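Now for the letters of each chain:
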Amino acid sequence: SQQGEEDPQALSIQEGENATMNCSYKTSINNLQWYRQNSGRGLVHLILIRSNEREKHSGRLRVTLDTSKKSSSLLITASRAADTASYFCATAPIQGAQKLVFGQGTRLTINP
Amino acid sequence: EAGVAQSPRYKIIEKRQSVAFWCNPISGHATLYWYQQILGQGPKLLIQFQNNGVVDDSQLPKDRFSAERLKGVDSTLKIQPAKLEDSAVYLCASSPLVGPYNEQFFGPGTRLTVL
């Protein structure tokens, strides 16, 4: 079963704008990760946030985690055409934390 | 560092036929995963190996799917016989860590079409 649910399912913005994607999950987690998948390719790890962290940055990416609401958000600032991809959140449960449960993904399109 | 290798990249078969996928993880990675990704959905874990032992195969349809990881390196995933609903991308991933924080490295996937 898939624990994470991303919102929105699809997002289309202009190049240079910021993109925000949300993820909600159901059970307690050890950590939450975001992955990107370009069309027809495998997934690439973007960022990992631990359950005791609230915010993390990596380049143009900013991830927040609210364990009380069981939700996370991924912000991509100053978007570029190359950011066009599907973005997935994946949760690692407290028990068996090496296992990841992926959400359905958000399809992001950056328009030039 | 070479990434996770998978072959073939594409496979088309008819229902009730058999098919096998191969994965070579990143050198030294102890943990190997096989995922099934149906179009429009996120990856679903089929089986997880640590070295050559199975850690989790709770979502593997064992009546038709099998997987092995001999010598704790390469792995093969087999479907016999295939059904229409097996059409999906099969992703292999590996992870170096034996601990709570695992980043997984994915291969390009094998796109299976069952006719």
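The structure this text deals with has already been given above.
Overview of the structure. Quick caveat, the model's predicted, so the values are computed rather than measured.

1. Describing the interface of chain A and chain B
1) Next: Every contact between the two is made by 22 residues of chain A and, on the other side, 28 residues of chain B.
2) Next: Carbon and sulfur atoms supply 44% of the area buried between chain A and chain B, which totals about 1900 Å² over both sides.
3) Next: For chain A, the biggest contributors to the area lost against chain B are A:Leu43, A:Gln98 and A:Lys99; these three give 33% of the whole.
4) Next: Between the two partners, chain A and chain B, sit one salt bridge.

2. Observations concerning the sheet that holds strand 6 (residues 55-58) of chain A
Residues and elements named next belong to chain A.
1) Next: If you trace the five strands from one edge of the open sheet to the other, you get 1-3-8-7-6, paired in antiparallel fashion. The open sheet has two edge strands with one neighbour each: strand 1 (5-7) and strand 6. Neighbour-to-neighbour, the strand axes of the sheet open up by a mean angle of 20°, direction not taken into account.
2) Next: Note: strand 3 (residues 19-24) against strand 8 (residues 71-76), six bridges, orientation antiparallel. Looking at the pairing, Met21 lines up with Leu74 of strand 8.

3. Examining the pattern of salt bridges
1) Next: Tallied over the entire structure, the rule returns six salt bridges over all chains.
2) Next: Where A:Glu55 meets A:Arg62, a salt bridge forms, and the shortest distance between an N and an O atom there is 3.2 Å.
3) Next: Overall, A:Glu55 belongs to the partly exposed group, its relative accessible area being 39%.
4) Next: Taking the shortest distance from any N to any O, the salt bridge between A:Lys99 and B:Asp56 comes out at 3.3 Å. Of the two residues, A:Lys99 sits in the loop between strand 9 (85-93) and strand 10 (101-102) while B:Asp56 sits in strand 6 (residues 53-56), which places them in two different chains.
5) Next: For B:Asp56, a relative accessible area of 16% corresponds to the buried category.

4. Overview of unusual backbone geometry
1) Next: Following A:Asp7, the chain continues into A:Pro8 via a peptide bond in cis, with omega recorded as 0°.
2) Next: Residue position: A:Pro8 is located in the loop between strand 1 and strand 2 (10-14).
3) Next: Going from B:Gln80 to B:Pro81, the amide bond is cis rather than trans, its omega being -5°.
4) Next: Examined against the element boundaries, B:Pro81 turns out to sit in the loop between strand 8 (75-79) and strand 9 (88-95).
5) Next: Positive phi outside glycine occurs at A:Ala78, with the angle close to 45°.
6) Next: Locating A:Ala78 in the fold gives a position in the loop between strand 8 and strand 9.
7) Next: Phi at B:Lys71 is positive, roughly 60°, even though this residue is not glycine.
8) Next: For B:Lys71, the location among the structural elements is in the loop between strand 7 (65-68) and strand 8.
9) Next: According to the relative accessible area criterion, B:Lys71 is exposed, its value standing at 82%.

Scoring rules and cut-offs
Every residue gets a number counted from 1 within its own chain, in the order that chain's sequence is written. Chains carry letters and ligands carry numbers; both start at the beginning, A for chains and 1 for ligands, and go up in the order they are written. Given that the model is predicted, a residue must reach a pLDDT of at least 70 before its local features are reported, and side-chain atom pairs must reach 80 or more before they are shown or counted; all residues, however, enter totals for whole chains, interfaces and linings. Hydrogen atoms and water are omitted, and side-chain values are computed over all heavy atoms in the structure. Contacts: residue pairs with any heavy atoms within 4.5 Å of one another. We define buried area as the total accessible area lost by two parts upon association, computed with a 1.4 Å probe and summed across both. Whenever Lys or Arg places a side-chain nitrogen within 4 Å of a carboxyl oxygen from Asp or Glu, that contact is recorded as a salt bridge. For two strands to be treated as a pair, DSSP must find at least two bridges joining them. Segments assigned H or I by DSSP are reported as helices when at least four residues long, segments assigned E as strands when at least two residues long, and all are numbered from the N terminus. Whenever a helix is involved, its axis is fitted only over the stretch in contact; in every case the axis is a line through C-alpha atoms, and angles between N-to-C directions fall within 0 to 180 degrees. Exposed residues in this analysis have more than 50% of their type's maximum accessible area, buried residues have under 20%, and partly exposed residues fall in between, with area computed by a 1.4 Å probe over protein chains only.

Nothing here speaks to function; it is geometry throughout.
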